[in-house]
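# Chain and residue survey
For reference, the chains in residue letters:
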Amino acid sequence: MKKLLCVLLAATVSMGGMATMTGCTKRSEQLKLYSQGEYMDEEIFAEFESWYKEQTGEKVKVSMNDFQSNESMYNIVSMDKADYDLICPSDYMIEKMIKEGLCKKVDKSLVDIAAEGLIVPEYLEATRVFDPTLEYSVPYMYGTFGILYNYKTLGKHITSWEELFASNRDRKLSLKKSPRDTYHAAGLYLHGEQLRNTPLAEKKAKVQEVFDTVTDDSVAEVKNVLSAWKGKDKHWDDEDGKFSMAKGELDMGLYWSCDAGYVMSDYEDDSGNLSKGNKDLWYVIPEEGGNVYLDSFVISKYAKNEKAANYFLQFLCQKATAIANSIYCGAVSPVAAAYGELKAEYEAMDLESEDSVFKGTSAAWKDMYINMLMFPSADVLKRCGQMRDYGAADGKVVRAMADIMQ
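Now for a quick tour of the structure. (Residues numbered from 1 in each chain as written. Predicted model: local features only at pLDDT ≥ 70, side-chain atom pairs only at ≥ 80, totals over all residues. Heavy atoms only, no water.)

### Describing the overall build of the protein chain
Within the protein chain, the regular secondary structure consists of 19 helices and 13 strands. Its C-alpha atoms give the protein chain a radius of gyration of 21 Å, within 12% of the compact-globule value 22 Å for 406 residues. Over its C-alpha atoms, taken along the principal directions, the protein chain stretches across nearly 65 × 55 × 40 Å. For the protein chain, the residues scored as buried account for 56% of the 406 residues in total. Considering only residue pairs separated by 6 or more positions, the protein chain has 76% of its internal contacts joining residues 24 or more positions apart. Surface summary for the protein chain: the accessible area is close to 16800 Å², and the carbon and sulfur share equals 48%. Across the protein chain, the centroid of the 47 positively charged side chains sits 3 Å from that of the 64 negatively charged ones. (Helix = DSSP H or I, 4+ residues; strand = E, 2+ residues; numbered from the N terminus. Rg over C-alpha atoms; globule rule 2.2 N^0.38 Å. Buried < 20%, exposed > 50% of the residue type's maximum accessible area, 1.4 Å probe, protein only. Contact = heavy atoms within 4.5 Å. Areas by Shrake-Rupley, 256 points an atom, 1.4 Å probe, with all protein chains shown as cover. Lys, Arg positive; Asp, Glu negative; His and termini not counted. Charge placed at Lys NZ, Arg CZ, Asp CG, Glu CD.)

### Overview of helix H16 (residues 336-348)
The terminal C-alpha atoms of H16, which comprises 13 residues, lie 18 Å apart, in line with the 18 Å expected from a rise of 1.5 Å per residue. Buried within H16 are the following residues: Ala 338, Tyr 339, Glu 341, Leu 342 and Tyr 346. (Expected span 1.5 Å × (residues − 1).)

### Remarks on the pairing of strand S2 (residues 61-67)
Looking at chain direction, strand S1 (residues 30-36) and S2 are connected through seven bridges and run parallel. By the bridge assignment, Leu 31 is partnered in S2 with Val 62. Once the chain exits S1 it traverses helix H2 (residues 44-56) before rejoining the sheet at S2, and the crossover so formed is right-handed. (Pairing = 2+ DSSP bridges. Right-handed = clockwise from strand over helix to strand, strands pointing away.)

### Re the pattern of salt bridges
It is possible for side chains bearing opposite charge to pair when their charged atoms get close. All chains considered together, the criterion is met by 23 salt bridges. Residue Lys 26 pairs with Glu 29 through a salt bridge whose shortest N-O separation is 3.8 Å. Glu 288 is the partner of Arg 196 in a salt bridge, and the nearest nitrogen-oxygen pair spans 2.7 Å. Of this pair, Arg 196 sits in helix H9 (residues 192-196) while Glu 288 sits in the loop between strand S11 (281-284) and strand S12 (290-300), placing them 92 residues apart in sequence. One salt-bridge network, in which partners are shared between bridges, spans Arg 27, Lys 32, Asp 83, Asp 85 and Lys 304. (Salt bridge = Lys/Arg side-chain N within 4 Å of Asp/Glu carboxyl O.)

### Here's the deal with the packing of helix H8 (residues 179-190) against helix H11 (residues 216-229)
Viewed as axis vectors pointing N to C, H8 and H11 meet at an angle of 90°, and their least axial separation amounts to 9 Å. The angle between H8 and H11 places the two elements in the roughly perpendicular class. Residues Thr 182, Tyr 183, Ala 186, Gly 187, Tyr 189 and Leu 190 of H8 pack against Ser 218, Val 219, Glu 221, Val 222, Val 225 and Leu 226 of H11. Across the contact of H8 with H11, the residue classes tally to eight nonpolar, three polar and one charged. (Axes fitted to C-alpha atoms, helices over the stretch in contact; angles between N-to-C directions. Parallel < 35°, antiparallel > 145°, perpendicular 65-115°, else oblique. Nonpolar A, V, L, I, M, F, W, Y, C, P; charged D, E, K, R; others polar.)

### A short note on the pairing of strand S5 (residues 137-150)
In terms of burial, S5 is largely enclosed, as 14 of its 14 residues are buried. The pairing of S5 with S12 spans eight bridges and is classified as antiparallel. Residue pairing for S12: Thr 144 is matched across the bridge by Val 292. Pairing analysis gives four bridges linking S5 to S11, with the strands arranged antiparallel. Residue pairing across strands places Asn 150 opposite Leu 281, the latter belonging to S11.

### A look at the environment of Trp 256
For Trp 256, the position within the fold is in strand S8 (residues 252-256). Each C-alpha atom of the pair Trp 256 and Lys 204 lies 19 Å from the other, and the pair is 52 residues apart in sequence. Residues contacting Trp 256, with those up to four places away along its chain left out, are Thr 144, Phe 145, Lys 176, Asp 181, Glu 239, Tyr 283 and Tyr 293. A polar atom in the side chain of Trp 256 sits 3.0 Å from the side chain of Asp 181. (Polar contact = N/O pair within 3.5 Å; in protein donor to acceptor, adjacent residues only side chain to side chain.)

### Quick word on a negative patch on the surface
A cluster of acidic side chains, namely Glu 38, Glu 42, Asp 66, Asp 238, Glu 239, Asp 240 and Asp 270, defines a negative patch on the protein surface. Following the sequence through the fold, Asp 238 ends up in the loop between strand S7 (234-237) and helix H12 (241-246). (Patch = residues over 30% accessible without salt bridge, like charges linked within 9 Å, V, L, I, M, F, W, Y side chains within 5 Å.)

### Concerning the side chain of Asp 295
Looking at where Asp 295 falls in the secondary structure, it is placed in strand S12. Those residues in contact with Asp 295, other than ones at most four positions away along the chain, are Gln 36, Tyr 39, Cys 88, Pro 89, Ser 90, Pro 139, Tyr 140 and Met 141.

### As for the packing of H11 against helix H19 (residues 394-404)
Where H11 meets H19, the closest approach of the two axes is 10 Å, and the angle between their N-to-C directions is 15°. It follows from the interaxial angle that H11 and H19 lie roughly parallel. Relative to H19, the crossing made by H11 is right-handed. For the pair H11 and H19, the contacting residues are Asp 216, Val 219, Val 222, Lys 223, Leu 226 and Ser 227 in the first and Lys 396, Val 397, Ala 400, Met 401, Asp 403 and Ile 404 in the second. In the contact of H11 with H19, the residues fall into seven nonpolar, one polar and four charged. (Left-handed = near helix turned anticlockwise from the far one by under 90°.)

### With respect to the state of the cysteines
Evaluated as defined, the whole model comprises zero disulfides. Cysteine Cys 329 remains unbridged, with the sulfur of Cys 258 as its closest cysteine sulfur at 7.9 Å. Its relative accessible area of 14% is what places Cys 329 among the buried residues. (Disulfide = S-S within 2.5 Å.)

### Considering the packing of aromatic side chains
Counting across every chain of the model gives 32 aromatic pairs. Three or more aromatic residues joined by ring pairs form one cluster here, namely Tyr 123, Tyr 142, Tyr 339, Tyr 346, Phe 358, Trp 365, Tyr 369 and Phe 375. Sitting over the ring of Tyr 390, Arg 180 keeps its end group 3.9 Å from the ring centre. Sitting above the plane of the Phe 243 ring, Lys 242 keeps its charged end 4.8 Å from the centroid. (Phe/Tyr/Trp six-rings, centres within 6.5 Å; stacked < 30°, edge-to-face > 60°. Lys NZ or Arg CZ within 6 Å of the ring centre and 35° of its normal.)

The analysis is restricted to geometry; functional conclusions fall outside its scope.
See the structure below:
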């Protein structure tokens, strides 16, 4: 998907230069970011530095480090008071950090995400779940989890979590080696009949109820489901499963939308080898429901350059910057102007052009790619819940899932 977006929109954005080293720069002239791996185009840093000088008359140098997980980031920030200005956690972790006073408020005179037309409405409402006053976070990228499956090997379309957790036992299947994702997917399976019989208008609330249930009984039920699921040709995906799906080595699994899209178009594997995208792969958020997530930037409690941090948040919400980052990381920004332009580019593509991701596919595959995978429709989002901070129950889930995933 990253390669596809570059082909589509490379001419749209002109961003130059790489971030420079900050070792000899005064801390007041540095902006330090802490983000998830391969999640931002560092070529925008030089552009921001020039723009910041124009806006303020001041110099700044941007640097960025990556963290491996939300939990590792939280430990480093909360325990070590890590020296970062801006951090990019996921929604549930932002909720936790706000509760614990680890985030500073955004300067709304520079960026007010509630301003009309700035953020796609569905993702603004999703932000209210973990940042109710819209004061602490600025949405960066969104995505979903669902089932990625190989239509060619299965010979059918997938519609339910039951097909991943219970039937198709003779198939090669995978679940994410991620406690939260697998816990919630199994919960949706366990409540499948009730969710399938819930009207669409009420489904989001029911899915959220499943997500918010973290009791001894619910954890035990999920462990039983996963114990029964384990066995021959069942795999725990530790980030490499998408490549196995692309090569036809797995038939179906739990995946994030960004990973699904990545291997549907020409992609690079972990060794840097270029491979052809697999158009036999389909992605679905099952009828019972799924997850929509938001990764957003927050200003750390321990930020030493709040001014530059707030200006950078404004910069991230500019159309050209949001498109550049979407191109780079293979996800889609919820900044409305960027979202609209990216979606229009996909909708304008036909099924025959050489530079079209839809070449050689079908109208149904194109519809799936646009309205389920990349830009989930309003009806799809109505059956998606959001992960929340488990609070005191967090260790209970993590320990149980770690035991079962060994």
